[in-house]
Amino acid sequence: MSHAVTLIEMPVDNTFGMFYLGVALSAMVFGMSWSLAYSYYKRHSTADRFLMKAFIAVLLVLDASGLALMSHVSYVAIVTNFGDYKSDMHTPWTFGVQEIVAVVLSAGTQNFFAYKIYQLGRRTVVMPVLIFIVSFAASTMGILFSAQIFQPDFISAPQPRLEMSVATLVTVLVRDLLVSAGMVYYLLRNRGDIPRTNSALKLLAFYFITCGTLNFVVTMTRLILTVRLPGTWISIPFYLIESKLNFCSFMAIMNSRHHVRAQLHAPDGVMSLPAVAVPKSSVREKPIAGTVYPSGLSVGSSGTGDKTHPDALLFDRVIDIVAFG
């Protein structure tokens, strides 16, 4: 049974209304991402290398470019071509470019964590290589999909694109699951005998589980709607916010690293999620010689003449990998 339809036969609510809703939601996520980015450069980037800061700056440019391209598509469809459904059958060039930007943005954040898994796993290559392969497959299919957007019948005949859309979404789901599972596994594998360092690693793993679950729910919802309602644009809002939510989660994790370190060095108490941003003065950006850990253990810079505990040193290695690149 063919699902080919034309915009004249479809309610505007299920087409342009969904796209407009997606742009509005994307703008909200965009605002949160840039708020987190401001906090990162203001409070949490002092110990990061220049390449890390430059990498995040590039992602910010891609994030802003994606929203600008979405807004152009929405303006053309709703304002420029208002009432002209024949013209709306041809997608603006910015729609395809937006898809490429989204693919690059998502691939950049996930491949970054694949490299972190490589470092945390003591140069174990199996999981990172698997993630790179799946990520490359997802990116390739996303770019091929963007090429089809420029076809004249892209909107009026969605059925031939359904198989590629489903394959791309499944690949993205596998990639995101591998990244989240790999980060959580290698973080928890580095646990030792000091309760507070273990709690800090569990808290960091919790951030990855939370962000990974949110991304998984959005992508899975988009997949279900794409399969169940192929003749509508109901899945468009989830499509438009997918890459932006991925980047927002990335920035949230980048800022959470310093909260975890602050919790580790805080006075005795229960470790908890932050209700407000952690002040810069309360965060030790790098391991400091003589830092007193629970049970009176300390970390020295040379290991000679200091009371040094392997678990404390191990945690500093793990947190430095995740935090400072």
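The structure under discussion appears in the preceding block.
Fair warning: this is a prediction, and the values are worked out from it, not measured in the lab. (Residues numbered from 1 in each chain as written. Predicted model: local features only at pLDDT ≥ 70, side-chain atom pairs only at ≥ 80, totals over all residues. Heavy atoms only, no water.)

**Regarding the nonpolar core**
At step 1: Ile 56, Phe 113, Phe 208 and Phe 250 are the most contacted members of the largest nonpolar core, which totals 37 residues.
At step 2: Of all the elements in the fold, those that place two or more residues in this core are helix H1 (16-44), helix H2 (50-80), helix H4 (93-120), helix H5 (126-149), helix H6 (159-189), helix H7 (195-228) and helix H8 (236-265).
At step 3: For this core, the leading source of residues is H7, giving eight residues.
At step 4: Not counting chain neighbours up to four residues away, the residues in contact with Ile 56 comprise Tyr 40, Tyr 41, Phe 250, Met 251 and Met 254.
At step 5: With 12 residues, the next largest nonpolar core counts Met 70, Val 73, Ile 236 and Leu 240 among its residues. (Core = buried A, V, L, I, M, F, W, Y, C linked by side-chain atoms within 4.5 Å. Buried < 20%, exposed > 50% of the residue type's maximum accessible area, 1.4 Å probe, protein only. Helix = DSSP H or I, 4+ residues; strand = E, 2+ residues; numbered from the N terminus. Contact = heavy atoms within 4.5 Å.)

**Structural notes on the packing of H2 against H4**
At step 1: Close contact between H2 and H4 brings their axes to 9 Å; oriented N to C, the two are set at 155°. For the element pair H2 / H4, the angle class is roughly antiparallel. As H2 packs across H4, the resulting crossing turns out to be left-handed. Contacts between H2 and H4 pair Met 52, Phe 55, Leu 59, Leu 62, Asp 63, Gly 66, Leu 69, Met 70, His 72 and Val 73 from the former with Trp 93, Thr 94, Phe 95, Val 97, Gln 98, Val 101, Val 104, Leu 105, Gly 108, Thr 109, Phe 112 and Lys 116 from the latter.
At step 2: The class makeup of the residues in the contact of H2 with H4 is 14 nonpolar, six polar and two charged. (Axes fitted to C-alpha atoms, helices over the stretch in contact; angles between N-to-C directions. Parallel < 35°, antiparallel > 145°, perpendicular 65-115°, else oblique. Left-handed = near helix turned anticlockwise from the far one by under 90°. Nonpolar A, V, L, I, M, F, W, Y, C, P; charged D, E, K, R; others polar.)

Geometric descriptors of this kind do not, in isolation, establish any biological role.
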